[in-house]
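Working through the structure, step by step
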Amino acid sequence: MKPIKGDLQTMKEMNRAAILRLFHRKGTLTRVEIAKLAHLTPTTVSSQVDELIREGFIDELGKTDTTTVGRKAVQLEITRSKGYVIVIGLGGQSFTCALVNFHGEIVHVDVVPSMHGNDAVRRYLSEAIPRLMKQSGIAELARIKGISIVSPGIIDEQSGTIKLSRGLQLSEFSVQAHLADVYDCVIEVVNDMNASVFAEYYYGLNAAYRNVIYVSVEEGIGAGIIINEQIYAGSNGAAGEIGHTIVDAGGMLCKCGNRGCIETVLTMPYMLQRAQLAAREAAVAAGASASGSAGVEAGAGVDVVLPQHFDEVLALYEQGAEWLQPMMHQAAQVMSQLMATIYNFMSPEKLIIGGWPSRSDTFMQEVKRRLDAFPFPTETGSSRFVFKSVEQHQILAGAATWLLQDVFGGVHFSQRYS
């Protein structure tokens, strides 16, 4: 049976995606090397490469310098200047607009304080891209081949809509439709945890595993999931939204309206509030008033510090502040239960922990101690639990690489499970 037209198109897109991945891994390649590494026929490689050269995606660098007899091969690489994608990260503290070349290299970045609400973010998007292009000296819109918006919250990737982002106060925000009125290119809207797990998978783990979960705890808490090398977004893009699972029924009031959500136990804003309350209670018990970062003498040489920022909470905990221990013990217990539940339910090859827990050796040692005592049905091996390895700029680069799969016509990562 002959393959139908749709099958041929899909195969062509998969071959293009495979070639793109090779160039991202290796940098420069010859046609012969591509055929060998991608397990493609020389005819297929020649056809694909010639097409990519015509479309301005790949440049010929010249013939290889070799002493071997025969025709010299031509070195190729993804172009660095004929086209770009733009990645915009909507973060809780700042918004970052980055120009990225086809190598996944960030060429220029513009950062502003974060904004809130549909109208404010819509205005920002309308202004940020032209400003970035002007700063970068790019006048032709045609050189922008794709735009990716990375946002926290529940994302409908099919329509490019931010369904809900509590932190940014966004609701039913049709980002893709807004940008498509101006930009004739590939436009994606991606959940920040999905972008993060992809960056960890692609850059941190070198795409060496098929099943990876990334959990981040910062201002909020969420998870990104890769199953069989594919992003799992879930129904309506809500997979990984674990922050409002109730773990302490009598706990603090959460911004969602419930009490004792996991966010109130583990995330930085709530932990700072709880630490300040614990400091005041400790100061009262010691016969003094807690005040400022310098602390005060209370009772028999007791120094009680009222932390003003979460980093101070971590520093005091690392120093062994007794009044912080109950709060941190509860956090370690909840964190270890979360990790154990994810491991037992999904059994990923790697469970990556990001955010503030990865910055505290004392906390993660306590979590590890609890995990070692957990009755796992199978041997877990500590190597399965690893820390975040990529930085924020690599998350943006990861989102760009993900976007480039679509720009180049690839399907490897652009087909998400849902």
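Heads up: the structure comes first, above all this text.
In short, a report on the structure. (Residues numbered from 1 in each chain as written. Predicted model: local features only at pLDDT ≥ 70, side-chain atom pairs only at ≥ 80, totals over all residues. Heavy atoms only, no water.)

What follows covers the sheet that holds strand E10 (residues 170-174). If you trace the three strands from one edge of the open sheet to the other, you get E8-E9-E10, paired in antiparallel fashion. Since the sheet does not close on itself, it has two edges, and those belong to strand E8 (154-156) and E10, each with one partner. Each neighbouring strand pair of the sheet contributes to a mean axis angle of 10°, computed without reference to strand direction. Of the pairings in the sheet, the one linking strand E9 (residues 161-165) to E10 comprises four bridges and is antiparallel in character. Paired with serine 165 across the strands is leucine 170, a residue of E10. (Pairing = 2+ DSSP bridges. Helix = DSSP H or I, 4+ residues; strand = E, 2+ residues; numbered from the N terminus. Axes fitted to C-alpha atoms, helices over the stretch in contact; angles between N-to-C directions.)

Looking now at the pairing of strand E11 (residues 186-191). Burial within E11 is extensive, with five of its six residues counted as buried. As defined by bridge partners, strand E7 (residues 144-151) adjoins E11 across six bridges and the pair is classed as parallel. By the bridge assignment, glycine 146 is partnered in E11 with valine 186. (Buried < 20%, exposed > 50% of the residue type's maximum accessible area, 1.4 Å probe, protein only.)

One pass over the structure, following the stated rule, counts 16 salt bridges. The partner of arginine 31 in a salt bridge is glutamate 60, and the shortest N-O contact between them spans 3.5 Å. Taken together, the residues span a long stretch of sequence, with arginine 31 in helix H2 (residues 31-38) and glutamate 60 in strand E2 (residues 58-63) at a distance of 29 residues. Owing to a relative accessible area of 46%, glutamate 60 belongs among the partly exposed residues under this scheme. Note that glutamate 263 and lysine 255 form a salt bridge whose closest N and O atoms lie 3.8 Å from each other. For glutamate 263, a relative accessible area of 6% puts it in the buried group. If you follow the salt bridges from partner to partner, you end up with Arg31, Asp50 and Glu60 in one network. (Salt bridge = Lys/Arg side-chain N within 4 Å of Asp/Glu carboxyl O.)

Take the sheet that holds strand E4 (residues 84-90) next. Within the open sheet, the five strands sit side by side as E6-E5-E4-E7-E11. Their pairing is mixed. In this open sheet, the two edge strands, each paired with only one partner strand, are strand E6 (106-113) and E11. Averaged over all neighbouring strand pairs, the angle between strand axes comes to 15°, with direction disregarded. As paired strands, E4 and E7 are joined by six bridges and run parallel to one another. Within E7, the position partnered with glycine 89 by the bridge is valine 150. Relative to E4, helix H12 (residues 392-407) is tilted by about 130°, and along the sheet it contacts E4, strand E5 (94-101), E6, E7 and E11. (Contact = heavy atoms within 4.5 Å.)

Taken across its eight residues, E5 has seven buried, putting it largely inside the fold. Sheet topology places E4 next to E5; seven bridges connect them, and they run antiparallel. The residue of E5 that forms the bridge with isoleucine 86 is leucine 99. Turn length for the E4-E5 hairpin, with the two strands adjacent in sequence and antiparallel, is three residues. The hairpin formed by E5 and E6 contains four residues between the paired strands, and glycine 104 there has a positive phi angle of roughly 80°.

A separate point is the packing of aromatic side chains. With the rule as written, the count across this model stands at seven aromatic pairs. Relative to phenylalanine 385, the ring of tyrosine 343 lies with its centre 5.9 Å away and its plane at 50°, an arrangement referred to as tilted. Note that tyrosine 343 is positioned in helix H10 (residues 325-346) and phenylalanine 385 in strand E18 (residues 385-387), a separation of 42 residues in sequence. Judged by relative accessible area, phenylalanine 385 falls into the buried class, the value being 17%. In textbook terms, an aromatic cluster arises when at least three aromatic residues are bridged by ring pairs, as seen for Phe198, Tyr202 and Trp402. (Phe/Tyr/Trp six-rings, centres within 6.5 Å; stacked < 30°, edge-to-face > 60°.)

With that out of the way, let us pick up the nonpolar core. Judged by nonpolar contacts, the single largest core of 50 residues is most densely connected at Val215, Leu266, Leu324, Trp356 and Phe363. Elements represented by at least two residues in this core include exactly strand E12 (212-217), strand E13 (221-227), helix H7 (262-266), helix H8 (268-286), helix H9 (310-318), H10, strand E17 (350-355) and helix H11 (361-372). When residues in this core are grouped by element, the largest group, 11 residues, is from H10. Once residues within four sequence positions are removed from consideration, valine 215 is found in contact with Gly222, Ala223, Ile242, Leu338, Ile342, Leu351, Ile352, Ile353 and Gly354. Residues Ile19, Val45, Leu76 and Ala199 belong to the second largest nonpolar core, which totals 47 residues. (Core = buried A, V, L, I, M, F, W, Y, C linked by side-chain atoms within 4.5 Å.)

Okay, unusual backbone geometry next. With a phi angle near 55°, glutamine 169 is a residue other than glycine that sits in the positive phi range. Along the polypeptide, glutamine 169 turns up in the loop between E9 and E10. The phi dihedral of serine 347 falls on the positive side, at around 50°, and the residue is not glycine.

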